[in-house]
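Tertiary structure, described
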Amino acid sequence: MERTLTNSSPSSPSETPSPAPVTIARGDGIGPEIMAATLQILDAAGARIAPEEIEIGEKVYLRGVPAGVEPSAWDSLRRTRVFLKAPITTPRGGGYKSLNVTTRTALGLFANVRPCVSYHPFVNSGHPGMNLVIVRENEEDVYTGIEHRQTDEVVQCLKLISRPACERIARYAFEHARRAGRTKVTCFTKDNIMKLTDGLFRRVFEETAKDYPDIETESLIVDIGAAFLADTPQRFQVLVMPNLYGDIMSDIAAQISGSVGLCGSANIGSQCAMFEAVHGSAPDIAGKDLANPSGLLQAAVMMLGHIGQPQTAQLVQNAWLRTIEDGIHTGDIFDPERSQSKVGTEAFALAVCARLGLEPRHLPPAHYHVAGSPPVHPHRLGTERRALVGVDVFLCWSAEPRDPNVLGRAVEAATGTTTLRLRAITNRGVKVFPGGLPETLCTDQWRCRFVRPEGGDVTHDDVLALLAALRHSGLDFVKTEQLYTFDGERGYASIPTE
Ligand code: NAI
Ligand code: MG
C-alpha cells in the first residue's frame, strides 16, 4: 500500500512550474527551529514555493489580540490559500481563543486529515504495520460552541450535524482513499444511540459509498471501533467520523503508532488548507537544537501534494524515510538499540537533504502521483414536505417533593383549553409522566411533549397559545423544540413507549 498523501490543488493535474505562494508562520517555542529545518529540506528538494510570512501565537496574544493572529494576516491566508503553520504557545489564563479553532472555522477547513503510521522497527511501536488515516469532520458536532445553562441544575451542549457537511466529509474520505491507493474506508458513529445525528452521518456515508464500488466500506459503532483501533489498528486504512470521535481517535491513533512526534496533519477546506505538526511548541527544549522537525516536515509533504507537487513530496518523503531507517534520530526517538546516531534539529535536516533521491530499503517507499483535489459536490436540496406536528416544551420546575405526577397534572390543567395535548413528560430523556417509576432521579428540567390529540398539522399560533397558557399558570418554560415530520417521517426522537 502506498503511504498516504493529502490530495492536491484543483487546478494542477501535473506539476506546475511557477512557485506556489504559501503562507508560513514560525510560531513559538521550537517552532522557528523546526520551520527552518523544514524549509531547508523543501528548498533542497526543489519545492516550488514562495513563502509569505505572518506572525501568530504568543507575542500576538500578549499584544492584546485575543485570536492570536493579526487581522492583516488573513489577507495573506486568503491570497495564498495555503498555510504551513509551526506550533504556537497559547498563553495561560483565560480570554485567549484557540488559533486552530479560529483558523478552521474562519477558513472553512472542513476536513482534518491525520495519517498515523508506524515506522517499526526503526521507531519503536506496539503496532508494526499500522498505516491509517483519520479523516475527521472539523466544523460541526458538539464543537459549534452552542451551550446553555437552562436551569439551576441542567446545562446542555447542542450537537449539530448537517447533511451538506456529512456529504462533503464522506466524499472527501472516499476520494482521499482512491487517490492514495487505499481499498477500504471505515466510518465510526454512535448511531445506535444518536439515531438522528449520527444516523445521518452514517446514512450519508453509506449513500456516498455507492459511488465508490471499488472501495470496501465498513460502519462500526465508535466504542467497539475504538477498541479495534487500540488493539489491531492494522485492520484500518481510512477512517471517517464526526468531530468529537475524530478528535479522540486521532490522538489515540497517533500515540499508539509510536510516533506522535512524527505526525503531521492537514486541515482542508474547499478554498484553503492548513498544514501543521501534531505536537505543540515544546518550550522545554526550545532554542537548544534538540527538536525533531519530522512532524512539521510530514505536514509539509502533505502540503506539497495539495499544491500539485507530488513528485517533490515523494522525493522528500523517501529521503526522510531513509533517514529514519538509517537510524539518524533526534533525542525524542533515539533508542540505543535501534538508532545509529543522535542528532540535533540542524543535523537531522542535513541528513534528510543528503538522502534526497534515495528510497528507504525496508519501509515501503512513498509513491505519490495523483494531483487534484476531491471535488466538492453541491448538496442535494431538500424537497421533502416539512410538517409541524407538535412541540417539546422544556420547563424549569423544582417544587419539592419532585413528583412528576404533580407537575403532569398542573401542565394538563394549564393547557386543557388549548389545541395541543400533553403526551408525556420526560426528565433527562426518561419518561416520568404518565406512569413513571419513583426510582427515577429527577432534575429541575422537564420536557413536556405536546401533540394534537387527533393528529395532523400544528400551527405556530397553536404553539404560541400553548406557551401563553403555560405562562398564565406560572409554569416556567426555558426552551421549546418544534416537532416536524419530513415526508411523513419523524424528524425527532420518539419517547420510549410513545
Ligand atoms: P508539546 O507537544 O509541546 O510537548 C510535549 C512533550 O513532547 C514535551 O516534552 C516536548 O519537549 C516534547 N516534544 C514535542 N514536540 C517535540 C519535537 N518536535 N521534538 C522533540 N520533542 C518534542 O505539548 P505541551 O507541552 O502540552 O504544550 C506546549 C505548548 O504547545 C502549550 O502552550 C500548548 O498550548 C501548545 N500546543 C500547540 C499546538 C499547536 O500549535 N498546534 C498543539 C499542542 C500544544
Ligand atoms: Mg485534539
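Residues numbered from 1 in each chain as written. Chains lettered and ligands numbered in written order. Predicted model: local features only at pLDDT ≥ 70, side-chain atom pairs only at ≥ 80, totals over all residues. Heavy atoms only, no water.

**Observations concerning the site of ligand 1**
Near ligand 1 there are 18 residues, and of these I88, G280, A282, D284 and N292 occur at the shortest range. Contacts to ligand 1 include H279, whose side-chain N or O atom sits 3.1 Å from a nitrogen atom. In the complex, 62% of the free accessible area of ligand 1, which totals 810 Å², lies under the protein chains. Of the residues belonging to the shell around ligand 1, the class tally is 7 nonpolar, 7 polar and 4 charged. (Near = heavy atom within 4 Å. Polar contact = N/O pair within 3.5 Å; in protein donor to acceptor, adjacent residues only side chain to side chain. Areas by Shrake-Rupley, 256 points an atom, 1.4 Å probe, with all protein chains shown as cover. Nonpolar A, V, L, I, M, F, W, Y, C, P; charged D, E, K, R; others polar.)

**Some details on the pairing of strand β16 (residues 421-427)**
By the criterion of burial, β16 is predominantly enclosed, with 5 of the 7 residues buried. Sheet topology note: the β16/strand β18 (residues 445-451) ladder contains 5 bridges and is antiparallel. What sits directly across from R421, in β18, is V451. In this structure, β16 lies alongside strand β17 (residues 430-433), joined through 3 bridges in antiparallel fashion. Considered in β17, the bridge of N427 is made with V430. Hairpin connection of β16 to β17: 2 residues between the antiparallel strands, including R428 at a positive phi of 50°. (Buried < 20%, exposed > 50% of the residue type's maximum accessible area, 1.4 Å probe, protein only. Helix = DSSP H or I, 4+ residues; strand = E, 2+ residues; numbered from the N terminus. Pairing = 2+ DSSP bridges.)

**Remarks on unusual backbone geometry**
H120 connects to P121 through a cis peptide bond whose omega is 0°. Positive phi outside glycine occurs at D289, with the angle close to 60°. Counting through the fold element by element, D289 comes out in the loop between β12 (273-277) and α9 (294-306). For D289, a relative accessible area of 31% corresponds to the partly exposed category.

**Describing the sheet that holds strand β3 (residues 82-85)**
Taken in spatial order, the 10 strands make up an open sheet running β2-β1-β3-β12-β11-β4-β5-β10-β8-β9, and their pairing is mixed. Bordering the open sheet on either side are β2 (49-53) and β9 (216-221), each of which pairs with just one other strand. Pairs of neighbouring strands in the sheet enclose a mean axial angle of 25°, with direction left out of account. Pairing of strand β8 (residues 184-189) with β9 involves 6 bridges; the strand directions are parallel. Note that in β9 the partner of F188 across the bridge is L220. (Axes fitted to C-alpha atoms, helices over the stretch in contact; angles between N-to-C directions.)

**Points about the nonpolar core**
The biggest cluster of nonpolar side chains holds 76 residues, and the ones touching the most others in it are L84, Y119, V185, V240, F275 and W320. Of all the elements, α9 adds the most residues to this core, at 8 residues. Setting aside chain neighbours within four positions, we find F275 in contact with V82, F83, L84, K85, S265, A266, I268, A299, M302, M303 and H306. (Core = buried A, V, L, I, M, F, W, Y, C linked by side-chain atoms within 4.5 Å. Contact = heavy atoms within 4.5 Å.)

**Section: the side chain of D141**
Mapped onto the secondary structure, D141 falls in the loop between β5 (131-137) and β6 (147-149). On the basis of relative accessibility, which here comes to 0%, the residue D141 falls in the buried class.

**As for the pairing of β2**
Put simply, side chains in a regular strand alternate between the two faces of the sheet. In this sheet, β2 lies alongside strand β1 (residues 20-25) in parallel orientation, the contact comprising 5 bridges. Paired with P21 across the bridge in β2 is A50. For the crossover that starts at β1, traverses helix α1 (residues 31-44) and ends in the parallel β2, the hand is right-handed. (Right-handed = clockwise from strand over helix to strand, strands pointing away.)

**A short note on the pattern of salt bridges**
In this structure the tally under the stated criterion is 34 salt bridges. We note a salt bridge from D326 to R322, for which the minimum N-O separation is 3.5 Å. Given the relative accessible area of 19%, D326 is considered buried. Of the residues examined, R322 reaches a relative accessible area of 12% and is grouped as buried. Across the pair E481 and K479 runs a salt bridge, and its minimum N-O distance is 2.9 Å. Here the salt bridges share partners, and the residues they tie into one network are E55, K59, R63 and E70. (Salt bridge = Lys/Arg side-chain N within 4 Å of Asp/Glu carboxyl O.)

**Quick notes on the environment of E140**
Tracing the chain through its elements places E140 in the loop between β5 and β6. Of the residues examined, E140 reaches a relative accessible area of 13% and is grouped as buried. The sequence separation of E140 and G357 amounts to 217 residues, and the corresponding C-alpha distance is 42 Å. Those residues in contact with E140 that lie beyond four places of it in its chain are L160, I161, S162, A165 and N243.

**Considering the packing of helix α5 (residues 163-179) against helix α6 (residues 197-209)**
Here α5 crosses α6 at 45°, and the two axes come no closer than 9 Å. By the angle between their axes, α5 is oblique relative to α6. Regarding α5 and α6, the two cross each other, and that crossing is right-handed. Contacts between α5 and α6 involve R163, C166, E167, I169, A170, R171 and F174 from the first element and L200, F201, R203, V204, F205, E207, T208 and A209 from the second. Split into classes, the residues belonging to the contact of α5 with α6 amount to 9 nonpolar, 1 polar and 5 charged. (Parallel < 35°, antiparallel > 145°, perpendicular 65-115°, else oblique. Left-handed = near helix turned anticlockwise from the far one by under 90°.)

Note that all results are geometric; they support no functional claim without further evidence.
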